[in-house]
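Fold and contact review
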Amino acid sequence: MKTKLLTYAAMVGMAIFASCESKKAGDTTDSVTVATDSSATNAVDSIKPKGAAPAWAPDIKPQMQVVIEKLASYGDKPIPQLTAVQARKNHTPTDAVKDVMAEYKIPAPVFNVDTTGKDIAVEGGNIHLRIYTPKSGSGPFPVIVYYHGGGFVIANLDVYDASANVLADKTGAIVVSVAYRLAPEHKFPVAHNDAYAAYKWVVDNAASIKGDSKKIAVAGESAGGNLAVNTAIAARDKGIQAPVHILAVYPVAGADMNTPSYVKNAAAKPLDKPMMLWFVKNYLNNMGEAKDPRINLVAAKLKGLPATTIITAQIDPLQSDGMMLADKLKAAGVTVDSKNYDGVTHEFFGMGAVVPQAMEAEMYAVGELKKAFGL
C-alpha cells in the first residue's frame, strides 16, 4: 500500500484503517517542516462534496463527506464479506485522503523527523518497532509508545506513518510505533501481550534510543486506543513504571454493540456495526471473550491510571465506548480530558490535510501530550 502523504502546512498526520502487510525495512523519513500556506488553506476550503449528505450522516462536514465519497468510488467489497488477507488489500480512507489531496493540489507532508526500524523479541516470536526521532535537539527526548488501529486485524505501520510523524514532529518526542501481530493469525490476547512487551522494552531501553525513561506516554487509535489503556493497566498490575499519560482516540472500550452510537451509526462509514462484529470474530477465540476486561474496558479496574485524554467522533459506532470510558475513568479517580468532534467519522483523526476538525483534534492531542511531558 502506498505511503500516505497527508499533511499540509501545519503538519497534520494521517492515521486510518488499513490494508497491507507491515513494512519492516527501509524505515526512513527525510524532510523539513513547511510553513503554513494560504493556498493550502484555500484548497481545503474549496473541497466540496459531489452529492447530498448520506442518510446515515445528515450533519457530516463537507470535507469529511468528500473523503467518504472518494472511498466509495473505489468500489471495494465490504470488509465483512472478505477474509482478513483480502481485507488488508482494500483501499482505505488513507488512500481516499491522498487522492483528494492530489485533486485539490494540497502539498505533501514534511516532517523534521528521522526514522529507524528495530525488531524485538516477544513471547512466541518477534515484532517490529518503527522509531521516529526528532532531528532537532540532542535528547534525551520524551517517548510516545504508539499503537495503530485496524480492529486487531488490518492496518500496519505504513498506514499510520504520518500520524506517528506528526506526533513526533509537533511534540518533540520520540514515537515508537508498534507492529503488534494481527488476527486471525494471532488471536486474543496476542496483540495485547505484544503491546505491553513493546512498552516494557521502551521502559528498559529508552536511553538506547535517546529517550527519557521518566517521560514515556502511550497512545493509540481505535483498537490501538484499547491497547494503550490496557498497557497502562498492565504496567500498574505488574508493578513497572507507569506511563505519564494515555491518549486514546475513539478506543474500542466495550462489549455492548447496542449502545446509542452503535444504534445511530450502525451504517456509518468507514466503520459500521457489521465491520466491528467482523473484527471481534477474527480477533477473539470465542464471543464470550468480549466480556474480558481487556476488551470490555468499561468493566476493567481503572483506579490508579495516569491522566488520560480521550477523543471521540460523532459519526462513529465507537463514540459511546469512548464517552463511557471517560466517565468510568473519572469515577475511578483518574484525571480525564476529553473532546468529541461533530460532523466527522471514525478515522477522522489524522485527516487534518483535508478535514479542519481533524487538524483541531491532532493539535489538541499534541497539546495534551506536551503538557504531560512538562513541555
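Okay, so let's go over this structure.

Rules of the game
- Residues numbered from 1 in each chain as written.
- Predicted model: local features only at pLDDT ≥ 70, side-chain atom pairs only at ≥ 80, totals over all residues.
- Heavy atoms only, no water.
- Axes fitted to C-alpha atoms, helices over the stretch in contact; angles between N-to-C directions.
- Helix = DSSP H or I, 4+ residues; strand = E, 2+ residues; numbered from the N terminus.
- Parallel < 35°, antiparallel > 145°, perpendicular 65-115°, else oblique.
- Left-handed = near helix turned anticlockwise from the far one by under 90°.
- Contact = heavy atoms within 4.5 Å.
- Expected span 1.5 Å × (residues − 1).
- Buried < 20%, exposed > 50% of the residue type's maximum accessible area, 1.4 Å probe, protein only.
- Phe/Tyr/Trp six-rings, centres within 6.5 Å; stacked < 30°, edge-to-face > 60°.
- Lys NZ or Arg CZ within 6 Å of the ring centre and 35° of its normal.

1. With respect to the packing of helix H5 (residues 161-171) against helix H11 (residues 356-373)
Contact geometry of H5 with H11 gives a least axis separation of 10 Å together with a crossing angle of 50°. Taken as axis vectors, H5 and H11 run oblique relative to one another. Here H5 and H11 pass one another in a crossing that is right-handed. Each of Val166, Leu167, Lys170 and Thr171 in H5 lies in contact with H11, whose residues at this interface are Met363, Val366, Leu369 and Lys370.

2. Side note on helix H10 (residues 319-331)
Counted at 1.5 Å a residue, the expected span for H10 with its 13 residues is 18 Å, and the 19 Å between its end C-alpha atoms agrees. Restricting attention to buried positions, one finds in H10 the residues Gln319, Ser320, Asp321, Gly322, Leu325, Ala326 and Leu329. Lining the buried residues of H10 we find helix H7 (223-238), helix H8 (260-264), strand S7 (308-315) and strand S8 (336-345). At the exit of H10 stands Gly333, carrying a positive phi of roughly 90°.

3. Remarks on the packing of aromatic side chains
Scanning the model with the defined rule gives six aromatic pairs in all. Among the aromatic side chains, those forming a connected cluster through ring pairs are Phe152, Phe188 and Tyr283. Lys238 extends its terminal NZ or CZ atom over the ring of Tyr196, reaching a point 5.3 Å from the ring centre. Sitting above the plane of the Tyr364 ring, Lys339 keeps its charged end 4.5 Å from the centroid.

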